[in-house]
Amino acid sequence: MSINKVILVGNVGKDPEIRHLDSGVAVANFPLATSESYIAKNGDKVSTTEWHNIVLWRGLADVAEKYVTKGRQLYIEGKIKTRAWDDKDGNKRYTTEIVADVMQMLGNKSDSQGQSSNGGASQPESSAFESPDLGDQGGDDDLPF
């Protein structure tokens, strides 16, 4: 057995880019920053930031299009995926992404930088969104956790 599970809490680096495939399926992409701080041996406080490429599909992408903006703090659950392709010069290129299946908006709408452009519709203060069940995942209903 193996597990590919990622949990992140961080801030959105830029407004999501939304695409719609020919089939009508929505895909959202955006960077998410996670930061940590520690005290170095010399006593200085050191902060580091890691950037993660987040990918949301279908309903989660639709939610991101409406409510996710730069600066918003999010809780993300998903899995790591690496894609490979050949660039225009024939070089092999790779990218590592977090394909999310759970997203929760943290804080409140005033935590975002700027106002949402959703036409005055109220934004959820804290909401969880999950991808729809895509079939039987092995019948783990009997697990105690």
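Residues numbered from 1 in each chain as written. Predicted model: local features only at pLDDT ≥ 70, side-chain atom pairs only at ≥ 80, totals over all residues. Heavy atoms only, no water.

As for the confidence of the model for the protein chain
Using the following cut-off: The score called pLDDT rates the predictor's confidence residue by residue, from a low of 0 to a high of 100. Helix numbers and strand numbers start at the N terminus; a helix is a DSSP run of H or I with at least 4 residues, a strand a run of E with at least 2. Contacts: residue pairs with any heavy atoms within 4.5 Å of one another.
On average, the protein chain scores 82 in pLDDT, and the residues at 70 or more come to 74%. Mean pLDDT across the secondary structure elements of the protein chain bottoms out at strand S7 (residues 127–130), with 50, and peaks at strand S1 (residues 6–12), with 97. The low-confidence segment residues 111–127, where pLDDT is below 50, has 30 contacts with residues more than four positions distant or belonging to other chains. In the model, residues 131–141 has pLDDT below 50 throughout and makes 3 contacts with residues more than four positions away in sequence or in other chains.

Remarks on unusual backbone geometry
Of note, the phi angle at Arg58 is positive, near 50°, even though the residue is not glycine. Position of Arg58 among the secondary structure elements: in helix H1 (residues 58–67).

A word on the pattern of salt bridges
Selection rule: When a carboxyl oxygen of Asp or Glu is within 4 Å of a side-chain nitrogen of Lys or Arg, the pair counts as a salt bridge. Only protein chains enter the accessibility calculation, which uses a 1.4 Å probe; a residue is then buried when its area is under 20% of its type maximum, exposed when over 50%, and partly exposed in between.
This structure, assessed with the given rule, holds 5 salt bridges. A salt bridge links Glu77 to Lys5; the nearest nitrogen and oxygen atoms lie 2.7 Å apart. Of this pair, Glu77 sits in strand S5 (residues 73–86) while Lys5 sits in the segment before S1, placing them 72 residues apart in sequence. The exposure class assigned to Lys5 is partly exposed, which follows from its relative accessible area of 48%. Linking Glu97 and Arg83 is a salt bridge whose minimum nitrogen-to-oxygen distance equals 2.9 Å. Here Glu97 is found in strand S6 (residues 92–105), whereas its partner Arg83 is found in strand S5, with 14 residues between them in sequence. For Glu97, a relative accessible area of 8% gives the class buried.

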